[in-house]
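One-letter residues, chain by chain:
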Amino acid sequence: MSSKAADRNLLVGILGLQLGLISESQLIEAMQKWMFRKSDSIELILEECGAINSRSRESLSEIARQHLKVHNNDPIESISALGALTKICTPLLALDDVDLDATISVVLQDSLGTPGLIEPEATFMPVRMSSDNDRFQILRPHAHGGLGVVSIAEDSQLHREVALKEIKAELVNDPGSRSRFMVEAEVTGRLEHPGIVPVYSLGTASNGTPFYAMRLIRGQSMKSMIAELHKSRPMFDTLADGRELRKLIRRLIDVCNAIEYAHSRGVLHRDIKPANIMLGRYGETLVVDWGLARAGTRNESHASSDETTVVPQSGDSSSETKMGSVVGTIAYMSPEQAEGRLDLISTQSDVYSLGATLYCILTGQSPVASAKQEDMLQRVRLGKIDSPLTLNETIPRPLEAVCLKALALDQNRRYQKASSLAEELERWLGDEPVVAYPEPVAKRISRWVKKHRMFVTTAAGVLVTATIALAAVAVMVRGQNVVLKDAYNQVAVAEKQATQERDAAIEQRDLTLRNLDIARTLAMAMLDRAESRLSKGDASPRTLIEVRSDLTELAFDNFRKLHESNPGDREFSWQYAKVARVSGNLKRNVRQLETANERIQLSLQLQNQIAADQRTPAESDYLAETYRELATNLMTAGKIREAEVSLVRSAEICEGLQKSHPENLNYIRTTALAQIELVAIETQQHHFEKAGELAEKVVAAFTKLAATEEPHAVDAAFAMFGRCHQVEILLRSKKFPEASAAAKETLALVRDKRLALPNDQFLPQALISILMTSAEIELATNGDPSTAVAWLDEAFQTVAALKTTMRSAALVQNEATILCFRAEALRKQSKLSDSASAIQAARNLAENLLKNVDIPLHNFLMFRIQMEESHLLQAEAKMLDATQRLNEAIDSLKKASEQSMENVEYQQQLSRLKAEHPSAEKK
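What counts and how
- Residues numbered from 1 in each chain as written.
- Predicted model: local features only at pLDDT ≥ 70, side-chain atom pairs only at ≥ 80, totals over all residues.
- Heavy atoms only, no water.
- Helix = DSSP H or I, 4+ residues; strand = E, 2+ residues; numbered from the N terminus.
- Buried < 20%, exposed > 50% of the residue type's maximum accessible area, 1.4 Å probe, protein only.
- Contact = heavy atoms within 4.5 Å.
- Areas by Shrake-Rupley, 256 points an atom, 1.4 Å probe, with all protein chains shown as cover.
- Axes fitted to C-alpha atoms, helices over the stretch in contact; angles between N-to-C directions.
- Parallel < 35°, antiparallel > 145°, perpendicular 65-115°, else oblique.
- Left-handed = near helix turned anticlockwise from the far one by under 90°.
- Nonpolar A, V, L, I, M, F, W, Y, C, P; charged D, E, K, R; others polar.
- Phe/Tyr/Trp six-rings, centres within 6.5 Å; stacked < 30°, edge-to-face > 60°.
- Lys NZ or Arg CZ within 6 Å of the ring centre and 35° of its normal.
- Pairing = 2+ DSSP bridges.
- Salt bridge = Lys/Arg side-chain N within 4 Å of Asp/Glu carboxyl O.
- Polar contact = N/O pair within 3.5 Å; in protein donor to acceptor, adjacent residues only side chain to side chain.
- Patch = residues over 30% accessible without salt bridge, like charges linked within 9 Å, V, L, I, M, F, W, Y side chains within 5 Å.
- Core = buried A, V, L, I, M, F, W, Y, C linked by side-chain atoms within 4.5 Å.
- Expected span 1.5 Å × (residues − 1).
- pLDDT = per-residue confidence, 0-100.

**Notes on the overall build of the chain**
Across its full length, the chain carries 37 helices and 12 strands. For the chain, buried positions account for 49% of its 923 residues. When contacts within the chain are restricted to residue pairs at least 6 apart in sequence, those whose partners lie at least 24 apart make up 64%. Carbon and sulfur atoms make up 51% of the accessible area of the chain, which amounts to about 43200 Å² in all.

Written as structure tokens, this is what we have:
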């Protein structure tokens, strides 16, 4: 049933459109705004948008009033009389507003004189079938799709009504559309499952129009049932509401099972949404509209299925799309579909759409509803989805967790199969805990009590054992198995005795929980003390590094076990998040990137379990730092776009903290740390102007922080790092005179700062950076090679000193780069023997780095080394060897570019090399 407000506003809009007062785009924009202000008239919103003036608004209102008067004050009758809705119904339906959809459906249904559910897109006249036996005779139109029209027809052989779908007349002669239509018919027909509409026949009319006949579904779409639920019962707060919700969940389970079957046959639907799910009158649930389905392959999770893979004989099921094409309905499509990454679309993409359908069931709207198309696409790509609980606070939390897991931005974090989602929903219906939602201890006890009500009246007890060891400490809490056994054996004892035993068991449980709290507090204290000792240098540096790594790993293992036993404890989860982050950073330092990324992601997951409005400022600041550290891992792996998203999230959190706590300098520091990482990303992307602006902010922020009464250990060094970045930006943008002058100034500043702060552990790294950049500028501008060698020797000595106190792959990377530059400078001095020694040492270091971890940065380093080897071989007149080494360099650069396709620096260097050495590239 449509709403009077939507009926009248649609009438006014169409009148304005027909009178030429407004354009179609102005009407769509006004209807979008009306969706959030349904008490206002559409003409008032049109005036606010500047589409009409006050006089036109009054005239339009009066014309609408007169038009309604002629048509019995019935907006539906008035709109039908205008006969103009079909021209604009498609963009209006795309707004996905329940009231507006209902009005359009009623108007079109009234204009076509067709009973049942109608969701048309344009006026159509179906072609009558005229086959040899005239089996199917069209009775009346039924519905529309993007590719075909559906009519209700009579099957003269079996004397029944069927749904007959034929390709639209304007698409009959389009080979691509025709192929898609035939593939849709074949794929749907070959998927034999109770949840997929059966196809009865496939044929061609006498005029060459292909058609197929299928079961006529009598019922309503899930979309309309959801609309009815949320219109009549906006909150799930009564028993009746609970029953309606459970009915829809059961229907969704049926859909999951049908999609799981399709996946086992190698078919992806790619357009799952409530409008494509039909609910029959007798409990049938059917998935319809397989027009965007892709068939022919199945993933590893279905490799063992005994079902045969559907490979269409009618054509290529993906022929209509190419990389970059957005396929599906934006409001329900997965991020990879929104990106146009057809190579990434998989069964998890359909799982995402199932999660979006669950979101609609819970909230009454799609995950990215009521936004402009480009904004919707952007929100889907970035995973910016509002929590269902923010829209309806009575939604069961386990259902929300299941929904958000299915909607995860990362495909690997979603349910891997549609059947896994179905199993989670079955658990919820059966009042069992779901995997996606770690239940609080109180909830788990409540559930156990309900299932063992008889036993609980006589005795209750808890066995919690927690073991954590750091160095020489072990805290063990013994359970109360004997108490529980005795209580169980004394069920028949008098009520008073049973009550006493129950109270004793509960008291023992509370004692156990207090002991567990002491154990975890002691564990954290030991971890903090170990960190404190490391910072003071109580032992040899290398020993301290090993102790730190061992203690952290031990802490991580014990906290993981304790967290599994107590998943609902907020404070404990927070401590586990901190341990996971420390462990992830240590793993990154030794280039165990996969493990490092897993642990940083785990830390983020644990922190994000705390709602934003419940976090303390310190917790929000820690979360921002964790996002920044995740970005560092992603950048190392060459995932620049993902790293940028993580850094932007970090900066957003910090900016919010700065606004609410302007006096807290630490929030300025966290923001600047995120910005300095963004400088590196923008530089790699050759966005030099933006990188320069950010670098200037970073230098200003850290310079201000370093001048405070109590500066942090990183402030002075990171002010210098910001200046190094400014020099790097000038170098990469080929502003050599400015780069040279800035490098000399920055080098002097760093040296002065080291004299003033001799114990600063970060300044030596800043010195290495500016010395390397200064040498690179000198070599790039054909300056004095001996000056470059002097700078490089100083940098090499600084690296050697740092290696005695710290172990880092970044230091080895710097050492290899220094040796590569040194080889170039010596070659330009004609010291070919010394150059050869330097470049061989650089190659040995690079090969070890690549052996440990194959990442873009290491492959790019190998490329630079191989290029210098080629130049050296040319200087020695070994032309064949030089060409071979050039080929190897191009291969290394290709690999780095493939690993980090978003790195503009790599792509431009590769294009230049191919242009300069076409013969080498061919070989």
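**Thoughts on the packing of helix H25 (residues 640–660) against helix H26 (residues 665–684)**
One way to put it is that H25 packs onto H26 with a least axis distance of 9 Å and a crossing angle of 155°. Considered as vectors, H25 and H26 are oriented roughly antiparallel to each other. For the crossing formed where H25 meets H26, the hand is left-handed. Listed contacts from H26 to Ile-640, Ala-643, Glu-644, Leu-647, Ser-650, Cys-654, Glu-655, Leu-657 and Gln-658 of H25 are Tyr-667, Ile-668, Thr-670, Thr-671, Ala-674, Glu-677, Leu-678, Ile-681, Glu-682 and Gln-684. Residue classes in the contact of H25 with H26 are distributed as 10 nonpolar, five polar and four charged.

**Concerning the packing of aromatic side chains**
Any aromatic ring pair is given by two values, namely how distant the centres are and how the planes are angled relative to each other. Applying the stated criterion across every chain, the model contains eight aromatic pairs. Aromatic rings pair up to connect Phe-702, Phe-718, Phe-721 and Phe-762 into one cluster. The ring of Trp-428 carries Arg-246 above its face, with NZ or CZ at 4.7 Å from the centroid. The ring centre of Tyr-415 lies 5.2 Å from the NZ or CZ of Lys-405, which sits over that ring.

**What about the sheet that holds strand S6 (residues 219–221)?**
With antiparallel pairing, three strands are arranged side by side in an open sheet as S6-S8-S9. At either end of the open sheet lies a strand with only one pairing partner, and these are S6 and strand S9 (285–287). Looking at each pair of strands side by side, their axes are set apart by 25° on average, direction ignored. Pairing of strand S8 (residues 277–280) with S9, which is carried by three bridges, proceeds in the antiparallel orientation. Bridging across to S9, Leu-279 finds its partner in Thr-285.

**Let's talk about the pattern of salt bridges**
Counted by the stated rule, this structure contains 40 salt bridges. Across the salt bridge formed by Glu-776 and Arg-864, the nearest N and O atoms sit 3.2 Å from each other. Placement of Glu-776 in helix H30 (residues 763–780) and of Arg-864 in helix H34 (residues 856–875) is noted, with a sequence separation of 88 residues between them. Overlapping salt bridges, with partners in common, bring together Arg-843, Glu-847, Glu-869, Arg-885 and Glu-888 in one network.

**Observations regarding the environment of Lys-165**
One can find Lys-165 in strand S3 (residues 160–167). On a C-alpha basis, the gap between Lys-165 and Pro-210 in space is 8.7 Å, while along the polypeptide they are 45 residues apart. Reaching out from Lys-165, the side chain makes a polar contact with the side chain of Glu-184 at a distance of 2.9 Å.

**With respect to the pairing of strand S4 (residues 199–204)**
Examined bridge by bridge, S4 and strand S5 (residues 210–215) share five bridges and lie antiparallel to one another. Paired with Gly-203 across the two strands is Phe-211, which belongs to S5. Count of turn residues in the S4/S5 antiparallel hairpin: five residues, of which Gly-208 carries a positive phi of about 90°.

**Focus: the sheet that holds S5**
Strand order in the open sheet formed by five strands is S1-S2-S3-S5-S4, and the pairing between neighbours is antiparallel. Of all strands in the sheet, those with a lone pairing partner are strand S1 (136–144) and S4, marking the two edges. In this sheet, neighbouring strand axes are inclined to one another by 30° on average, regardless of whether the strands run parallel or antiparallel. Note that strand S2 (residues 148–155) and S3 share eight bridges and pair antiparallel. Its bridge partner lying in S3, Ile-152 is registered against Ala-163. Contacting S3, S4 and S5, helix H8 (residues 175–190) crosses the sheet at an angle of about 25° to S5.

**Looking at the side chain of Arg-270**
Inspection of the secondary structure puts Arg-270 in the loop between strand S7 (267–268) and S8. Residue class for Arg-270 comes out buried when judged on its relative accessible area of 1%.

**Side note on the environment of Glu-423**
When you line up the elements, Glu-423 lands in helix H16 (residues 418–429). Glu-423 sits in the partly exposed class, given a relative accessible area of 43%. Through-space distance from the C-alpha of Glu-423 to that of Asn-257 is 9.7 Å; in sequence the pair is 166 residues apart.

**As for helix H15 (residues 397–406)**
The element H15 is extensively covered by neighbouring structure, given that seven of its 10 residues are classed as buried. Within the span of H15, buried status applies to Pro-398, Leu-399, Glu-400, Ala-401, Val-402, Cys-403 and Ala-406.

**Points about a nonpolar patch on the surface**
Residues Leu-19, Leu-21 and Ile-63 make up a contiguous nonpolar surface patch of roughly 230 Å² in combined accessible area. By the secondary structure assignment, Ile-63 is in helix H4 (residues 54–70). By relative accessible area, Ile-63 is classed as partly exposed at 35%.

**Some remarks on the pairing of S1**
Pairing between S1 and S2: seven bridges, direction antiparallel. Paired with Gln-137 across the strands is Glu-154, a residue of S2.

**Some words on the nonpolar core**
Nonpolar side chains tend toward joint burial in soluble globular proteins. Core analysis: the biggest nonpolar cluster contains 62 residues, and Leu-191, Ile-249, Val-267, Trp-290, Leu-354 and Leu-425 have the highest contact counts within it. Listed by contribution, the elements that provide at least two residues to this core are H8, helix H9 (222–232), helix H10 (239–264), S8, helix H12 (347–363), helix H13 (373–382), H15 and H16. No other element matches the 11 residues that H10 contributes to this core. Listed in part, the 45 residues of the second largest apolar core include Phe-721, Ala-766, Ala-775 and Leu-811.

**Quick notes on helix H22 (residues 570–589)**
A rise of 1.5 Å per residue sets the reference length of H22, with its 20 residues, at 28 Å; its end C-alpha atoms lie 29 Å apart and thus fit the reference within 8%. The element H22 is extensively covered by neighbouring structure, given that 15 of its 20 residues are classed as buried.

**Describing the packing of helix H1 (residues 4–18) against helix H5 (residues 75–82)**
It is the contact of H1 with H5, at a shortest axis distance of 9 Å, that shows an interaxial angle of 25°. As summarised for this structure, H1 and H5 are arranged roughly parallel, according to the angle between their axes. Crossing geometry of H1 relative to H5 is assigned as left-handed. Between H1, through Lys-4, Asp-7, Arg-8, Leu-10, Leu-11, Ile-14, Leu-15 and Gln-18, and H5, the contact on the second element is made entirely by Pro-75, Ile-76, Ser-78, Ile-79 and Leu-82. Here the residues of the contact of H1 with H5 are counted per class, giving eight nonpolar, two polar and three charged.

**Considering the side chain of Thr-746**
Considering the arrangement of structural elements, one finds Thr-746 in helix H29 (residues 736–756). The exposure class of Thr-746 is buried, given its relative accessible area of 4%. Side-chain polar atoms of Thr-746 contact the backbone oxygen of Ala-742, separated by 2.8 Å. Apart from the residues lying within four places of it in its own chain, the contact partners of Thr-746 are Arg-723, Cys-724, Val-727 and Ile-770.

**Quick notes on the confidence of the model for the chain**
Of all residues in the chain, 78% have pLDDT values of 70 or greater, and the mean over the chain is 80. When the criterion is pLDDT under 50, residues 111–133 qualifies, and its contacts beyond four places in sequence or with other chains add up to 56 contacts. Low confidence marks residues 234–240, where pLDDT is under 50. Its contacts with residues over four positions away, or in another chain, come to 16 contacts.

**Description of unusual backbone geometry**
We note that Arg-270 has phi near 70°; this positive angle belongs to a residue other than glycine. In this structure, Asp-289 takes a positive phi of about 55° despite not being glycine. The residue Asp-289 is located in the loop between S9 and strand S10 (294–295) in this model. Note on Asp-289: relative accessible area 32%, which makes it partly exposed.

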